[in-house]
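# Structural overview
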Amino acid sequence: MKCEFVADGDTAVFFGKNLRDANFYFYGNQKAVIDSVNSNDSIAFVIVPSGASAGKICVENQNGISYSKFMFRDYRNTIVDFDSKLATWGGFAPFDEHGEKITQTYDGENVTKIPAALPDKCDGTYGFLYGNYENAWSMTQTMFLQYVANPAEGGRGNFSIAGEFRGYPIEELALKFEVYIPKECPYNNLRTEIFFGPFNSPDKHGRDKSPIYFWEPYKTNGDFYTDGWQTITVPLTEFWHTTTSDEAKFENPINLKDATNFTFVQFGNASKENPVPIFICVDNFRVVPIAE
């Protein structure tokens, strides 16, 4: 599924095989309407029915019935959803006090007009990173999103980011989130570092104490942007980088017992003379089984 969070009445995109003339049922036996003109054997455009619930998708064709390995609108074990505002720092609020999309940002010094329209909500409000990254290898508030577990900071306490799945092998788990990047402001040249710091980190994030994942989607086909919201899946086994060098491997894999904090931060080589523009919307960071 291109995006696992799609509102009732909007179009969901499915990829697979033998999808032509298939029927799609959302949880609760809600049969969906299919755009038969644009759909084919490998891709299906499906209108999410009113009242669709979180759960697996059932696909039925002349050969039988199959169920998705993923969960549609998987709310289980959400770390940050930007709706509860639970100990979430960084970035910009994408909506003003009237619920309207903002058209400019203010970083405490400068007002800047946004060069592309913000997207409609994926699932409630979302996180928004925007601006020019110009301080090489440093954390800038408009360039990171962070969750701190310590109750003194508003967090849930010393509980694993794996939640109910903390007993699973990390080989069976993944970090998932939704992302939107407009074509007018493609992602390139920087990397997003994602990591789960320990509860007692003196710096609150624990970057030097945790295996890091480098998200660099542009390395596949160049400038990266999305056509609408897109779900990103990162197996927890892909978290192995260190702060020492790009090639060095962390001594141990993620320890789910100790992983409580969460950071999503832009890092890279830039300067005021050669800044890197950023426009990233994200939602529903969660750790869930890859398939079940």
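One can find the structure itself at the top, above this paragraph.
Worth saying up front: this structure is predicted, and the values here are computed from it rather than measured.

Further remarks concern the sheet that holds strand β1 (residues 11-15). On the basis of which strands lie adjacent, the open sheet formed by three strands has the order β1-β5-β4 and antiparallel pairing. Strands with a single pairing partner mark the edges of an open sheet, and in this sheet they are β1 and β4 (33-34). Where β1 and strand β5 (residues 43-47) come together, five bridges link them in antiparallel fashion. Bridging across to β5, Val13 finds its partner in Phe45.

Along any regular strand, the residues point their side chains to alternate faces of the sheet. Looking at chain direction, strand β2 (residues 23-27) and strand β6 (residues 53-61) are connected through four bridges and run antiparallel. Within the sheet, the bridge partner assigned to Phe24 lies in β6 and is Val59. Sheet topology places β6 next to strand β7 (residues 64-67); four bridges connect them, and they run antiparallel. Its bridge partner being in β7, Val59 is matched across the sheet by Ser66. A loop of two residues connects β6 with β7, the two strands running antiparallel in sequence.

Size it by volume and the largest pocket reaches roughly 520 Å³. Lining the largest pocket are 26 residues, with Asp107, Gly131, Asn132, Thr142 and Met143 sitting closest to its centre. When contributions to the lining of the largest pocket are tallied by element, the ones reaching two or more residues are β12 (127-133) and β19 (276-289).

Counted under the stated rule, the structure contains 12 salt bridges. Between Asp120 and Lys101 there is a salt bridge whose closest N-O contact spans 2.7 Å. With a gap of 19 residues between them, Asp120 in the loop between β11 (111-113) and β12 and Lys101 in the loop between β9 (88-89) and β10 (104-106) connect regions that are remote in the sequence. On the basis of relative accessible area, Asp120 is assigned to the exposed category, the value being 55%. The salt bridge partner of Lys204 is Glu153, with a shortest N-O separation of 3.1 Å. Remark: Glu153 occurs in the loop between β13 (144-147) and β14 (173-180) and Lys204 occurs in the loop between β15 (191-195) and β16 (212-215); sequence separation between them is 51 residues. The structure contains a network of salt bridges with shared partners spanning Glu4, Lys176, Glu178 and Arg286.

Cut-offs and rules
- Residues numbered from 1 in each chain as written.
- Predicted model: local features only at pLDDT ≥ 70, side-chain atom pairs only at ≥ 80, totals over all residues.
- Heavy atoms only, no water.
- Pairing = 2+ DSSP bridges.
- Helix = DSSP H or I, 4+ residues; strand = E, 2+ residues; numbered from the N terminus.
- 1 Å grid on protein atoms, 1.4 Å probe; cavity = no way out; pocket = protein on both sides within 12 Å on 5 of 7 lines; lining within 4 Å.
- Points joined across faces, edges and corners; volume = space filled by probe spheres on them.
- Salt bridge = Lys/Arg side-chain N within 4 Å of Asp/Glu carboxyl O.
- Buried < 20%, exposed > 50% of the residue type's maximum accessible area, 1.4 Å probe, protein only.

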